[in-house]
Amino acid sequence: MKTLTNKNIVLGVSGSIAAYKSPDIVRRLQDLGAEVRVVLTAGGAEFVSERSLQAVSKNKVHDNLWDKEAELSMGHIELAKWADAVVIAPASANTIAKLCHGKADDLLTTLILATAAKVLIAPAMNQQMYGSLATQDNLKLLENRSMVIAKPEFGEQACGDIGEGRLAEPTSIALQIAGLFQNTKLAGKNVMITLGATIEAIDPVRFISNHSSGKMGMALASACAEAGATVTLIIGAISVAVESRAKGILVTSASEMLKAVNDNISEQDIFISCAAVADYRPTNIAKNKIKKDRETVSIDLVRNPDILSNICQMKDKPVCIGFAAETENLLENAKNKLKNKGCDAIILNDVSNSKIGLKSDQNEVFFITDKVCEKIEINSKIIIAKKLVIKISETLM
Ligand SMILES: Cc1cc2nc3c(=O)[nH]c(=O)nc-3n(C[C@H](O)[C@H](O)[C@H](O)COP(=O)(O)O)c2cc1C
């Protein structure tokens, strides 16, 4: 049963004609046990009265960034800290666009920047406005910033048009917010993720490496942290910001990565091997920079340790999940990897497709265990990671 007992919800109401439904949203949130405070934009106040919202929420309605009566005159910080979740319903096209740009010119947009709470956006507008490239791009951007979008419905609109853009039903909005607090089985678990490329030195200035960016691993780190896990990252070379809720350990070579994993694996419940670890390293690292005095040079390579296999062979091994970056015979190679390494799941991606995989912001993967083989269709790595966390929670925990 979904519930909002003991949860503080800020309901932002912006300038959509659907704002007249906002008192009903307050009631549906209260039905689930939430304490609700309303922030009304100037646009929102054109469509619903402050008095109605005050009466149903049983709290003063906040509509002024410059409120002298707010704690230390900083209502935006007070509300941002108070909230367990902020829902903007209805969210106007204008407010959505302002959020994308990080604007802070009214109480609602300022508090969104100041809050660490979960944010749900329920757009409501004319079908043409909703379908416009600007609004669609803006919503994708907010989704990639981990905001959740309550998709509007299809139907007849206040302006007489028929199409997509009607505010989602108040009951559905309340349930979607409650859904944000439903713990996956990852809550309270320790998750270790390796990510990025390893760097294998040839001499003091040159190295062998690969194109891994760390984006998929970092998206998984965020999704696991959001699901309530304690995340440890073993980080190779990456070109993405480190998830602030995770503990990060920086490494360079595969051997260093193996040591960092071994040093920290005993307390882990889940191990996700997402790093692109070099299969081979130079047998000898030249002490000095190799001179350009010969026509040809060859470098002897020796096999690197297989970190995932090592962890899979531990006596009390954590749940082990590997990535298979393949370019041919995708499913067959991935299933062989699952069996040969002895891991619990393999996440397969096709790195021959430049739209997905290495360096790209997008991915398309198969989640494979000995019982399931499910495709997760092309999407941003952030959304793919969230779906993978649900799959891990449903099938391996
Ligand atoms: C009658 C009328 C109805 C409107 N309905 C909507 C709407 O449903 N959705 C929307 O995004 N904008 C709608 N707008 C435009 C917004 O009210 C306008 O962009 C306003 O600046 C939004 O302010 P806010 O985002 O600060 O609340 C409407 C405007 C008018 C005059």
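All values derive from a computational prediction rather than experimental measurement.

Rules used throughout
Residues numbered from 1 in each chain as written. Predicted model: local features only at pLDDT ≥ 70, side-chain atom pairs only at ≥ 80, totals over all residues. Heavy atoms only, no water. Helix = DSSP H or I, 4+ residues; strand = E, 2+ residues; numbered from the N terminus. Contact = heavy atoms within 4.5 Å. Near = heavy atom within 4 Å. Polar contact = N/O pair within 3.5 Å; in protein donor to acceptor, adjacent residues only side chain to side chain. Nonpolar A, V, L, I, M, F, W, Y, C, P; charged D, E, K, R; others polar. Salt bridge = Lys/Arg side-chain N within 4 Å of Asp/Glu carboxyl O. Buried < 20%, exposed > 50% of the residue type's maximum accessible area, 1.4 Å probe, protein only. Phe/Tyr/Trp six-rings, centres within 6.5 Å; stacked < 30°, edge-to-face > 60°. Lys NZ or Arg CZ within 6 Å of the ring centre and 35° of its normal. Domains from an automatic or database assignment. Buried area = accessible area lost by both parts, 1.4 Å probe. Patch = residues over 30% accessible without salt bridge, like charges linked within 9 Å, V, L, I, M, F, W, Y side chains within 5 Å. Areas by Shrake-Rupley, 256 points an atom, 1.4 Å probe, with all protein chains shown as cover. Pairing = 2+ DSSP bridges. Axes fitted to C-alpha atoms, helices over the stretch in contact; angles between N-to-C directions.

K.L.:
Can you help me understand the environment of P204 in this one?
P.N.:
Within the secondary structure, P204 sits in the loop between β9 (200-201) and β10 (207-208). Contact partners of P204, with chain neighbours within four places excluded, come to A286, K287, N288 and K289.

K.L.:
Whenever I open this one, the site of the ligand confuses me. Can you help?
P.N.:
Lining the immediate environment of the ligand, one finds 15 residues, of which G15, T41, S92, A93 and T95 sit closest. A93 places a main-chain nitrogen or oxygen 2.7 Å from an oxygen atom of the ligand. For the ligand, an oxygen atom lies 3.0 Å from a polar atom in the side chain of N94. At 3 residues, the largest contribution of residues to the shell around the ligand is made by helix α4 (residues 93-100). Residues belonging to the shell around the ligand are distributed by class as follows: 6 nonpolar, 9 polar and no charged.

K.L.:
Just to check I follow, could you spell out the pattern of salt bridges for this structure?
P.N.:
When the charged atoms of two side chains with opposite charge come close together, those side chains can pair. Under the counting rule described, the total for this entry stands at 19 salt bridges. Measuring nitrogen to oxygen at the nearest pair gives 2.8 Å for the salt bridge that ties K259 to D263. With a gap of 4 residues between them, K259 and D263 both fall in helix α10 (residues 254-264), about one helical turn apart. Exposure remark for K259: the relative accessible area of 51% places this residue in the exposed category. Among the ionic pairs, D306 bridges to K341, the shortest N-O distance being 2.6 Å.

K.L.:
I tried to follow the packing of aromatic side chains on my own but got confused; where do I start?
P.N.:
Remark: the centre distance and the inter-plane angle together describe each pair of aromatic rings, the angle taken between the planes. Per the stated rule, a full pass over the model turns up 0 aromatic pairs. Taking NZ or CZ as reference, R37 lies 4.3 Å from the ring centre of W82, over its face.

K.L.:
What exactly am I supposed to notice about the domain arrangement of the protein here?
P.N.:
With domains assigned, the protein is organised as domain 1 (8-180) and domain 2 (190-282 + 294-396). Once you take the C-alpha centre of each, domain 1 and domain 2 turn out to be 38 Å apart. Tallying the contact residues gives 4 residues for domain 1 and 5 residues for domain 2. Surface buried jointly by domain 1 and domain 2 totals about 380 Å² across both partners, of which 43% is contributed by carbon and sulfur atoms. There are 1 residue pair in polar contact (both at pLDDT 80 or more) connecting domain 1 and domain 2. When its residues are assigned to classes, the side of domain 1 that touches domain 2 shows no nonpolar, 2 polar and 2 charged.

K.L.:
Sorry if this is basic, but what is going on with a nonpolar patch on the surface here?
P.N.:
Taken together, Y280, V297, I299 and L301 make up a surface patch of nonpolar side chains, about 350 Å² in accessible area. Position of I299 among the secondary structure elements: in the loop between β14 (280-282) and β15 (301-303).

K.L.:
Sorry, what's going on with the sheet that holds strand β19 (residues 373-380) here?
P.N.:
Remark on secondary structure: sheet strands pair via backbone hydrogen bonds, oriented parallel or antiparallel. Strand order in the open sheet formed by 8 strands is β12-β11-β8-β13-β16-β17-β18-β19, and the pairing between neighbours is mixed. In the strand order of this sheet, the two ends are held by β12 (247-250) and β19, each with one partner. Ignoring strand direction, the axes of neighbouring strands in this sheet form an average angle of 20°. Two strands pair when backbone bridges link them, and strand β8 (residues 190-195) and strand β11 (residues 230-235) are joined in this way by 6 bridges, in the parallel orientation. Bridging from a neighbouring strand, L195 pairs with I235 of β11. Each of β16 (319-326), β17 (345-350), β18 (362-368) and β19 touches helix α12 (residues 330-341); the most contacted strand, β17, lies at about 155° to it.

K.L.:
Mind showing me how you'd approach unusual backbone geometry here?
P.N.:
Excluding glycine, residues mostly have negative phi values, and the peptide bonds linking residues are mostly trans. Looking along the chain, the bond that leaves A89 and enters P90 is cis, with omega of 0°. Mapped onto the secondary structure, P90 falls in strand β3 (residues 85-91). Positive phi is not limited to glycine here, since S146 has a value of about 75°. Note that S146 resides in the loop between α7 (133-144) and β5 (148-149). The backbone phi angle of N329 is positive, close to 40°, even though this residue is not glycine. Here N329 lies in the loop between β16 and α12. On the basis of relative accessible area, N329 is assigned to the partly exposed category, the value being 47%.

K.L.:
Help me understand the sheet that holds strand β1 (residues 8-13), please; the structure alone is not making it clear to me.
P.N.:
In space, the 5 strands of this open sheet follow the order β2-β1-β3-β4-β5, with parallel pairing throughout. At either end of the open sheet lies a strand with only one pairing partner, and these are β2 (35-40) and β5. As judged from the 5 bridges shared by β3 and strand β4 (residues 118-123), these two strands associate in the parallel manner. Counterpart to I88 in the pairing with β4 is I121. With respect to the sheet, helix α5 (residues 107-114) is in contact with β1, β2, β3 and β4, its orientation differing from that of β3 by roughly 145°.

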